[in-house]
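Report on the structure
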Amino acid sequence: PTLGPVVRDVAVAARNAPAPRLELDQCHCTVETKIRRVLALHDAGALVGRRILVLGDDDLIGLTIDRVVRRLGSSASISHLAVLDVDPRVAKLARRALTGTPYSWSTVLHDLREPLPEELRGAFDTVLTDPPYTVPGALLFLSRAADAVAPHGDVFFSFGSRRPGAAYRVQRAILEAGFVVRSLARDFNRYVGAGVLGGTSHLYHLSAGSSLRPLEVEQLASPLYTGG
């Protein structure tokens, strides 16, 4: 089957999505990027039969996962799909998009500056996240992904700050947290009007080791968002 109907469906949803909240560094990726992210999961064996968590979803990846799976195979092939976000508008949109799906799903309204809820710790085989553009924001989301993913699970982490030293600090933190970089697709993600990112970011595919070490981020002094 072709993805034409999926592209049209996701494009309509993107046009009707809430406007980005710039104070949260929300900047929507393109429709093509949304679908390519989901196909990257499929190609990596991180989609079918998986418990999937979208850690921040103003990009509508939860909705896109649902639409792609319905088009390409059995929607029941997803074990569970969870969407977590701090923005009530995003959580509401995800609930509306996933209501009536034949597989297990949930939405969680949560600020990641607070520890991850206990029931989400180690509960997922696949985690996707596209954090704020700052290094502190990236480290916080990376740490919460480490909390959420099960041993030997997969994390798909989007980051592409051009600021001096940012890539080094983030890549060092990836290793310190106990992840292995399976692949790095440069400029994989494209965004609409993302001046801070230069319009693109990289997609890291990380593999979780048997003993992850979430980073010490509870007392971050630096602002999480570019706006302070």
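Summary of the structure given here. Every value quoted in this text rests on a predicted model; they were computed, and no experiment measured them.

Judged by nonpolar contacts, the single largest core of 34 residues is most densely connected at Val127, Phe157 and Phe179. Counting only elements with at least two residues in this core, the list comes to β1 (51–55), β2 (80–85), β4 (124–129), α5 (135–148), β5 (149–159), α6 (166–176) and β7 (200–208). Element by element, the count of residues in this core is highest for α5, at nine residues. For Phe179, the residues in contact, after removing those within four places along its chain, are Leu142, Ala146, Val149, Val155, Ile174, Leu206, Ser207, Ala208 and Leu212. Counting residues in each nonpolar core, the second largest holds 30 residues, with Val10, Ile35, Ala46 and Val83 among its members.

Let us now look at the pattern of salt bridges. One pass over the structure, following the stated rule, counts 14 salt bridges. Taking the shortest distance from any N to any O, the salt bridge between Asp130 and Arg37 comes out at 2.7 Å. Here Asp130, found in the loop between β4 and α5, pairs with Arg37, found in helix α2 (residues 31–43); they are 93 residues apart in sequence, far enough to count as distant. For Asp130, a relative accessible area of 18% corresponds to the buried category. Between Arg121 and Asp147 there is a salt bridge, with the nearest N and O atoms lying 3.6 Å from each other. Here Arg121 is found in the loop between β3 (104–109) and β4, whereas its partner Asp147 is found in helix α5, with 26 residues between them in sequence. We classify Asp147 as buried; its relative accessible area is 13%.

One open sheet accounts for seven strands, arranged β3-β2-β1-β4-β5-β7-β6; its pairing is mixed. Both outer strands of the open sheet, β3 and β6 (179–190), are each paired with one neighbouring strand and no more. Averaged over all pairs of adjacent strands, the angle between strand axes in this sheet comes to 15°, irrespective of strand direction. With six bridges joining them, β5 and β7 adopt antiparallel strand pairing. Note on β7: the bridge partner recorded for Phe159 is His202.

This part covers the side chain of His202. Its location among the elements puts His202 in strand β7. Judged by relative accessible area, His202 falls into the buried class, the value being 10%. Side-chain polar atoms of His202 contact the backbone nitrogen of Asp187, separated by 2.9 Å. Once residues lying within four places of it in the same chain are set aside, the contact partners of His202 are Phe157, Ser158, Phe159, Gly160, Leu184, Ala185, Arg186, Asp187, Phe188 and Asn189.

Glancing now at empty space enclosed by the protein. Where empty space is left in the structure can be found by rolling a water-sized probe over the atoms. Enumeration over the complete set of coordinates arrives at four cavities of 30 Å³ or more. Of all elements in the fold, only β4 and β5 reach the threshold of two or more residues within the lining of the second largest cavity. Residues that form the lining of the second largest cavity fall into these classes: five nonpolar, three polar and four charged.

We now examine the environment of Val69. Mapped onto the secondary structure, Val69 falls in helix α3 (residues 61–72). Along the primary structure Val69 and His42 are separated by 27 residues, whereas in three dimensions their C-alpha atoms are 9.5 Å apart.

Of the strand pairs in this sheet, β2 and β3 are connected by six bridges, and their pairing is parallel. The residue bridging Val83 from the neighbouring strand is Thr107, located in β3. The parallel pair β2 and β3, bridged by helix α4 (residues 88–98), forms a crossover whose chirality is right-handed.

Inspection of every chain in the model, using the stated rule, returns two aromatic pairs. Ring geometry for Phe157 and Phe159: centres 6.3 Å apart, planes at 25°, overall stacked. This pair shows no difference in class: Phe157 is buried, exactly as Phe159 is. Here the guanidinium or amino end of Arg36 rests over the ring plane of Phe188, the centre of that ring lying 4.0 Å away.

Analysis parameters
Residues numbered from 1 in each chain as written. Predicted model: local features only at pLDDT ≥ 70, side-chain atom pairs only at ≥ 80, totals over all residues. Heavy atoms only, no water. Core = buried A, V, L, I, M, F, W, Y, C linked by side-chain atoms within 4.5 Å. Buried < 20%, exposed > 50% of the residue type's maximum accessible area, 1.4 Å probe, protein only. Helix = DSSP H or I, 4+ residues; strand = E, 2+ residues; numbered from the N terminus. Contact = heavy atoms within 4.5 Å. Salt bridge = Lys/Arg side-chain N within 4 Å of Asp/Glu carboxyl O. Pairing = 2+ DSSP bridges. Axes fitted to C-alpha atoms, helices over the stretch in contact; angles between N-to-C directions. Polar contact = N/O pair within 3.5 Å; in protein donor to acceptor, adjacent residues only side chain to side chain. 1 Å grid on protein atoms, 1.4 Å probe; cavity = no way out; pocket = protein on both sides within 12 Å on 5 of 7 lines; lining within 4 Å. Points joined across faces, edges and corners; volume = space filled by probe spheres on them. Nonpolar A, V, L, I, M, F, W, Y, C, P; charged D, E, K, R; others polar. Right-handed = clockwise from strand over helix to strand, strands pointing away. Phe/Tyr/Trp six-rings, centres within 6.5 Å; stacked < 30°, edge-to-face > 60°. Lys NZ or Arg CZ within 6 Å of the ring centre and 35° of its normal.

Read these as spatial facts, not as claims about activity.
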